[in-house]
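Fold and geometry: a report
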Amino acid sequence: MDFRALCVKLMMSVIILLCAHDQKSDAFSLHILPNRLQFFEYEAVTFYCEGVVYCEFVHKVKGKIKTCPKGSSCTITNVYLDDSGEYWYENEEGIRSNSINISITAGSVILEIPAVPVMEGETVTLGCRNKTTSFNFTTDFYKDGLHISTNSTQNMTIHRVSKSDEGYYKCSISGAGESPETWLSTTGETMKRSFFLPFNASSITTVMCE
């Protein structure tokens, strides 16, 4: 076997392993209900995993919290300020799922922003929620510290989401207060299954796993 043939064989082996790992990781995912990143203190938050027989619920600072069998959920009945932070699941092999970073506030206003990345090209609506009342008041939305919208519906819709819509968002309701600031993430259709492998010093090869 010549050197070129050996290199091709080795590269194909790496590609197969990466594709297999990617498919396994895609099937192992963390979800949260309600599907948002901000919560009022004392609200209930439910996490659940899918694609595995065994998983452990992990907080970045507190460590492993609960064990959840496949198809079941883990609920924190009353969240407190120190429950803020990054969460993920680990299977029995120690492989991590995607992570979700939530914020708990003792304030009166939260921004309802999706917990998972928004697909580019889709429409997303951000909501500004008042803890004490559902009546509509003047609501302001901000991105990266800059004012971008004012309305009385307490919602802001972004059409045809693109990468440029990523950023830190927050909102404020007249007479009620301001929400924490949270990052809005977007994702492209093929991002989850794209690998970049160096073919030689002057080129990069994109390998798609289907």
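In this text, all values refer to a predicted model and were calculated from it rather than measured experimentally.

1. Quick notes on the sheet that holds strand β1 (residues 29-33)
Read across the sheet, three strands follow the order β1-β3-β6 without closing on themselves; strand pairing throughout is antiparallel. Because the sheet does not close on itself, it has two edges, and the strands there are β1 and β6 (73-76). Mean inter-strand twist for the sheet, computed between neighbouring axes without regard to direction, equals 20°. Bridge analysis of strand β3 (residues 45-50) against β6 gives four bridges, and the strand direction is antiparallel. The partner of V45 across the bridge, within β6, is I76.

2. Section: the pairing of β3
Within a regular beta strand, the side chains point alternately toward one face of the sheet and then the other, so they alternate between its two faces. With five bridges joining them, β1 and β3 adopt antiparallel strand pairing. Looking at β3, one finds that H31 is bridged to Y48.

3. What about the sheet that holds strand β14 (residues 155-158)?
The strand order across the open sheet built from three strands is β9-β11-β14, with neighbouring strands paired in antiparallel fashion. The open sheet has two edge strands, β9 (109-112) and β14, and neither has a second partner. Recorded for the sheet is a direction-independent mean angle of 15° between the axes of neighbouring strands.

4. Side note on the state of the cysteines
Tallied over the entire structure, the rule returns two disulfides. Two residues, C128 and C171, share a disulfide whose sulfurs are 2.0 Å apart. Taking the sign of the S-S torsion, about 85° here, the bridge from C128 to C171 comes out right-handed. Pair noted here: C128 is in strand β11 (residues 124-130) and C171 is in strand β15 (residues 167-173), with a separation of 43 residues, a long-range link. Exposure remark for C128: the relative accessible area of 3% places this residue in the buried category. Of the residues examined, C171 reaches a relative accessible area of 0% and is grouped as buried.

5. Comments concerning the packing of aromatic side chains
Counted according to the given criterion, the structure contains six aromatic pairs. Ring centres of Y42 and Y80 lie 5.6 Å apart, and the angle between their planes is 90°; this geometry places the pair in the edge-to-face category. A residue pair is termed long-range when its members are at least 10 positions apart, and Y42 in the loop between β2 (38-40) and β3 and Y80 in the loop between β6 and β7 (85-90) qualify at 38 residues. Residue Y80 is classed as partly exposed on the basis of its relative accessible area of 40%. For the pair F57 and Y89, a centre-to-centre distance of 5.9 Å together with 45° between the ring planes defines the contact as tilted. Taken together, the residues span a long stretch of sequence, with F57 in strand β4 (residues 54-59) and Y89 in strand β7 at a distance of 32 residues. A connected cluster of aromatic rings, assembled from ring pairs, spans F47, F57, Y87 and Y89. The ring centre of W88 lies 3.6 Å from the NZ or CZ of R96, which sits over that ring.

Calculation rules
- Residues numbered from 1 in each chain as written.
- Predicted model: local features only at pLDDT ≥ 70, side-chain atom pairs only at ≥ 80, totals over all residues.
- Heavy atoms only, no water.
- Pairing = 2+ DSSP bridges.
- Helix = DSSP H or I, 4+ residues; strand = E, 2+ residues; numbered from the N terminus.
- Axes fitted to C-alpha atoms, helices over the stretch in contact; angles between N-to-C directions.
- Disulfide = S-S within 2.5 Å.
- Buried < 20%, exposed > 50% of the residue type's maximum accessible area, 1.4 Å probe, protein only.
- Phe/Tyr/Trp six-rings, centres within 6.5 Å; stacked < 30°, edge-to-face > 60°.
- Lys NZ or Arg CZ within 6 Å of the ring centre and 35° of its normal.

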